[in-house]
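These are the residues of each chain, in order.
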Amino acid sequence: MRIEIDPNAGFCFGVVNAIKTAEENLSKGIEINCLGEIVHNEMENNRLKGIGMKTVKHDQLPELAGRSVLIRAHGEPPSTYELAKKYNINLVDATCPVVLKLQERVRKAWERLQPLGGTVIIFGKKGHAEVIGLCGQTNNQAVVVQDLNDLDGIDFSKPVEIFSQTTKEPEHYREIVEEIKRRVAIYNTQPETLLKVNNTICGQVSNRKPHIKAFAQKHDVMIFVSGTNSSNGKMLFEACLEANPNSHLIVNSAELNPEWLSGYQSVGISGATSTPLWLMQEVASAIEAIVKGKG
Ligand code: SF4
């Protein structure tokens, strides 16, 4: 049996950087309280917990006065920085540079549009940490659009600027933008004067879907490893299934079913942007053991 780990799978550089920052601080004996899950993968979170990292929630910040709190790759709204200052918290800021830049662009758009009565739209998942951080740049006045229904309350007779959460699907973003163009055109024959579309989906994510489809087609069986909270994982697993109906989603090697492999010649292993390489390697070893066990 040929077993191959997808060369394009694994953490994006924003997550790699946040984990490295946590590990470096912990190795120097500096305590790290991560604000929210550092990555949407329970196995990696457990590994980091094992070396001393704690995960805390926003309402615990007042109890962390004078201590260290890590901001993960998704970033935070300005209100978190204000709270940290108020409680004299030492912030270890691991916000991904791409997200930081996006926050700045959203803030500038809001400064431009607010005096004109315009709207900043964030295409993203309501309640997602990155989206909360982006909305915070507009004093929470941005409209979060998850699907077409969310467009109904927006005044398209005034200027509109749209940004996407970095991990959204490009096709879905295009669909939303096309509908916005249609609605803006009702008020203006030159819609581009009222609408600015910003292409802010991260290349680390948007390339994954075509890559994973090609990879899944190369193999008889696909094993996709992802945490249960990863929306990127759900999207990529669907792409796997489309390309290869013989695809299976697991959280870790304990969920492997030997029957999935029986009678096949090749198996591909891939994962979400939040799936660590060590976990996929563990799955590869478990598959090898199953295959050998069957002799
Ligand atoms: S997906 Fe892109 S923008 Fe988001 S954390 Fe990863 S590298 Fe940064």
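Residues numbered from 1 in each chain as written. Predicted model: local features only at pLDDT ≥ 70, side-chain atom pairs only at ≥ 80, totals over all residues. Heavy atoms only, no water.

With their axes 8 Å apart at the nearest point, helix α8 (residues 208-218) and helix α9 (residues 231-243) run at an angle of 40 degrees to one another. Here α8 lies oblique to α9, going by the angle between them. Classified by chirality, the crossing of α9 by α8 is right-handed. Where α8 approaches α9, its residues Arg-208, Lys-209, Ile-212, Lys-213, Ala-216 and Gln-217 are matched on the opposing element by Met-235, Leu-236, Ala-239, Cys-240, Glu-242 and Ala-243. Split by residue class, the contact of α8 with α9 holds 7 nonpolar, 1 polar and 4 charged. (Axes fitted to C-alpha atoms, helices over the stretch in contact; angles between N-to-C directions. Helix = DSSP H or I, 4+ residues; strand = E, 2+ residues; numbered from the N terminus. Parallel < 35°, antiparallel > 145°, perpendicular 65-115°, else oblique. Left-handed = near helix turned anticlockwise from the far one by under 90°. Contact = heavy atoms within 4.5 Å. Nonpolar A, V, L, I, M, F, W, Y, C, P; charged D, E, K, R; others polar.)

When the domains of the protein chain are assigned, the result is domain 1 (2-9 + 206-293), domain 2 (13-96) and domain 3 (98-165 + 168-201). It is Asn-229, Ser-274 and Trp-278 that lose the most area in domain 1 upon contact with domain 2, and together they represent 49% of the buried surface on that side. Across the contact surface, domain 1 and domain 2 share 0 salt bridges. Counting across the interface, domain 1 meets domain 2 through 2 residue pairs in polar contact (both at pLDDT 80 or more). In the side of domain 1 that touches domain 2, the residues fall into 4 nonpolar, 8 polar and no charged. (Domains from an automatic or database assignment. Buried area = accessible area lost by both parts, 1.4 Å probe. Salt bridge = Lys/Arg side-chain N within 4 Å of Asp/Glu carboxyl O. Polar contact = N/O pair within 3.5 Å; in protein donor to acceptor, adjacent residues only side chain to side chain.)

Turning to the site of the ligand, a few remarks are in order. In the neighbourhood of the ligand, the contacting residues comprise Cys-12, Phe-13, Gly-14, Ala-73, Cys-96, Val-98, Val-99, Thr-166, Thr-167, Cys-202, Gln-204 and Val-205. Listed by contribution, the elements that provide at least two residues to the shell around the ligand are α1 (13-27), α4 (97-113) and α7 (203-206). Looking at the shell around the ligand, its residues break down into 8 nonpolar, 4 polar and no charged. (Near = heavy atom within 4 Å.)

Okay, the nonpolar core next. Membership of the largest hydrophobic core comes to 19 residues, with the highest contact counts inside it found for Val-15, Ile-19, Ile-32, Ile-38, Met-53 and Leu-70. Sorting elements by how many residues they give to this core places α1 first, with 5 residues. (Core = buried A, V, L, I, M, F, W, Y, C linked by side-chain atoms within 4.5 Å. Buried < 20%, exposed > 50% of the residue type's maximum accessible area, 1.4 Å probe, protein only.)

Glancing now at the pattern of salt bridges. Close approach of charged atoms lets side chains of opposite charge pair. Taken as a whole, this structure holds 17 salt bridges when the rule is applied. Between Glu-171 and Lys-209 there is a salt bridge, with its nearest N and O atoms 3.1 Å apart. Of the two residues, Glu-171 is situated in helix α6 (residues 170-185) and Lys-209 in helix α8; the sequence distance between them amounts to 38 residues. The exposure class of Lys-209 is buried, given its relative accessible area of 15%. One network of salt bridges, in which partners are shared, links Asp-152, Glu-179, Arg-182 and Arg-183.

As a further point, take the sheet that holds strand β9 (residues 195-197). Note on sheets: strands pair through backbone hydrogen bonds, and any given pair is parallel or antiparallel. With parallel pairing, the 4 strands of this open sheet are ordered in space as β7-β6-β8-β9. Of all the strands in the sheet, the pair left with one neighbour each is β7 (143-145) and β9. Here the strands of the sheet are splayed against their neighbours by 20 degrees on average, with no regard to which way each runs. Its contacts with the sheet place α4 against β6 (119-123), β8 (160-164) and β9, and it is angled at close to 170 degrees to β8. Together, β6, β7, β8 and β9 form the strand contacts of α6, whose direction differs from that of β8 by roughly 175 degrees. (Pairing = 2+ DSSP bridges.)

Okay, helix α2 (residues 42-50) next. Because each turn of an α-helix spans 3.6 residues, side chains separated by three or four positions in sequence point in the same direction. Residues of α2 that are buried: Glu-44, Asn-45 and Leu-48. Buried positions in α2, seen along its axis, are confined to an arc of 100 degrees and lie on one side of it. Counted as exposed and oriented over 90 degrees from the buried face of α2: Lys-49 and Gly-50. Just downstream of α2 lies Gly-52, where phi reads positive at about 110 degrees. (Arc of directions from axis to C-beta.)

A negative phi angle characterises most non-glycine residues, just as the trans form characterises most peptide bonds. Non-glycine residue Asn-88 carries a positive phi angle of around 55 degrees. Tracing the sequence through the fold places Asn-88 in the loop between α3 (78-86) and β5 (90-93). Positive phi values are uncommon outside glycine, yet Asn-139 reaches one of about 55 degrees. By the secondary structure assignment, Asn-139 is in the loop between α5 (129-136) and β7.

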